[in-house]
Amino acid sequence: MEQSGTEIKCVTRLDRLRILSWAKRGTLVPKIRGFKPIRDFRLRWKDKPPIYARVRVLRSKISSTIAQWQYDRRKGWAKPWRVTLVADDLQGITALEAWSFFKHFRFPKLLLFELAFDFPRSSGVDGNFVLRHALFGKSRLRTDRGGEGHIRFGSRFSGKLARCYQKESVSAFRVEIELHSSLLPRPEGDKRREIIDSRWPEIADAGFSILPAHLKFVTIRFKALRRHLRRRFGEHGDVLLEKTREIASQSLHSALGYLRRKGIHNVHRFLAPMTQINAALERAVDDWSTDFLRPRFELEEIDRKANGRERRQRAPKEKK
């Protein structure tokens, strides 16, 4: 792929957000512009009571974006609201959709951030390519999760979860990186003074923090590895090198694990980044952040225009 000379295309979409927010006691769940409530129910439980007693499910009027608004907390230490946004497959969570919720929050905290990277079939990125070249930080491959056709690194109870699978709705191979609160960037300044202005750019910061710490494509530098193995093990180093090549043709993580078991320390020094596809990832995140991080006044202006249209539409009905 690195020698092909063709530019690799990748599209980035914001796939999921989870945010905590403070609210005054007795504050009702507000109406969200562009969303309509489709269900409001009390959570049932058997062994362990949930933190929040009720959930309101909302759906976007123009896309398939879903929001789950948890409220009526059972625990005093919990924030009054916990909101989860699940994106539409084709367009992801847009800036306007996220702002429709963000403007109602006070002292918000980002709990979960998931960015999806979609590679078209022409890019050559598939499950085998991910196993042979993808590196997700320190996350390990999980063989007991995901099901057929799905590759998973990390877990929901760790700081990061990576899912890789073919997404038929967008005709692309999707790599999803889900960061949890322990790995998300923290805002600067006193937490007691956090306001929306300081939290809105944090979403884009989370996107930039993914690369290259939590996702990058690499290849093994076999020439450097051969020199090291021959210097350390002599003729037996060639046997180890061929075995490493055989394992690396199936899985990069298995090959690195094999080298560690043979006493090779700091195996990452034998990895070289695949500049072409990594550059495509960076361009995709830049394009997404440019579109998503609109200035706040621009989003407020869009919101004011929407308010004016709704008032004009209601006026004839009220006269009747």
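Above: the structure in question.
Predicted model only: the values in this text are computed from it and were never measured.

(A) Here's a closer look at the pattern of salt bridges. Following the criterion strictly, the structure yields 14 salt bridges and no others. Asp15 is paired through a salt bridge with Arg174; the nearest N and O atoms lie 3.4 Å apart. Of this pair, Asp15 sits in strand β1 (residues 11-22) while Arg174 sits in strand β11 (residues 172-180), and the two are 159 residues apart along the sequence. Classification of Asp15 by relative accessible area gives buried; the value is 8%. Exposure remark for Arg174: the relative accessible area of 1% places this residue in the buried category. One salt bridge in this structure joins Glu176 and Arg174, with 3.7 Å as the shortest N-O distance.

(B) Representation of the sheet that holds strand β2 (residues 35-42). With antiparallel pairing, ten strands are arranged side by side in an open sheet as β2-β3-β4-β5-β1-β6-β11-β10-β9-β8. If you trace the sheet from one side to the other, it starts and ends with β2 and β8 (141-142), each paired once. Taken together, the nine bridges between strand β6 (residues 106-120) and β11 define a ladder with antiparallel strand orientation. Each residue of the ladder has a partner; that of Leu115, found in β11, is Ile177. Taken strand by strand, helix α7 (residues 275-292) contacts β1 and β6, and its axis lies near 135° from that of β6.

(C) Representation of the sheet that holds strand β7 (residues 134-135) within the structure. On the basis of which strands lie adjacent, the open sheet formed by three strands has the order β7-β12-β13 and antiparallel pairing. Each end of this open sheet is capped by a strand with a single partner; those strands are β7 and β13 (271-273). Taken together, the three bridges between strand β12 (residues 216-220) and β13 define a ladder with antiparallel strand orientation. For Thr219, the partnering residue across the bridge sits in β13 and is Ala272.

(D) Structural view of the nonpolar core. Membership of the largest hydrophobic core comes to 59 residues, with the highest contact counts inside it found for Trp69, Phe113, Phe117, Phe136, Val175 and Leu215. It is α7 that contributes the most residues to this core, seven residues altogether. Dropping the residues within four chain positions of it, Phe117 is found in contact with Cys10, Val11, Thr12, Phe173, Arg174, Val175, Ile177, Ile210, Leu211, Leu215, Leu281 and Val285.

(E) A look at the packing of aromatic side chains. Inspection of every chain in the model, using the stated rule, returns eleven aromatic pairs. Relative to Phe101, the ring of Trp69 lies with its centre 5.9 Å away and its plane at 35°, an arrangement referred to as tilted. Of this pair, Trp69 sits in strand β4 (residues 66-73) while Phe101 sits in helix α1 (residues 95-102), and the two are 32 residues apart along the sequence. Across this residue pair, the class does not change: Trp69 and Phe101 are buried. Geometry around Phe41 places Arg39 over its ring, the cationic atom sitting 4.2 Å from the centre.

(F) Structural context of a negative patch on the surface. Residues Glu282, Asp286, Asp287 and Asp291 make up a contiguous surface patch of negative charge. As for its placement among the helices and strands, Asp287 is situated in helix α7.

(G) Molecular detail of the environment of Phe41. The residue Phe41 is located in strand β2 in this model. The class of Phe41 is partly exposed, set by a relative accessible area of 22%.

Calculation notes
- Residues numbered from 1 in each chain as written.
- Predicted model: local features only at pLDDT ≥ 70, side-chain atom pairs only at ≥ 80, totals over all residues.
- Heavy atoms only, no water.
- Salt bridge = Lys/Arg side-chain N within 4 Å of Asp/Glu carboxyl O.
- Helix = DSSP H or I, 4+ residues; strand = E, 2+ residues; numbered from the N terminus.
- Buried < 20%, exposed > 50% of the residue type's maximum accessible area, 1.4 Å probe, protein only.
- Pairing = 2+ DSSP bridges.
- Contact = heavy atoms within 4.5 Å.
- Axes fitted to C-alpha atoms, helices over the stretch in contact; angles between N-to-C directions.
- Core = buried A, V, L, I, M, F, W, Y, C linked by side-chain atoms within 4.5 Å.
- Phe/Tyr/Trp six-rings, centres within 6.5 Å; stacked < 30°, edge-to-face > 60°.
- Lys NZ or Arg CZ within 6 Å of the ring centre and 35° of its normal.
- Patch = residues over 30% accessible without salt bridge, like charges linked within 9 Å, V, L, I, M, F, W, Y side chains within 5 Å.
- Areas by Shrake-Rupley, 256 points an atom, 1.4 Å probe, with all protein chains shown as cover.
- Lys, Arg positive; Asp, Glu negative; His and termini not counted.
- Charge placed at Lys NZ, Arg CZ, Asp CG, Glu CD.

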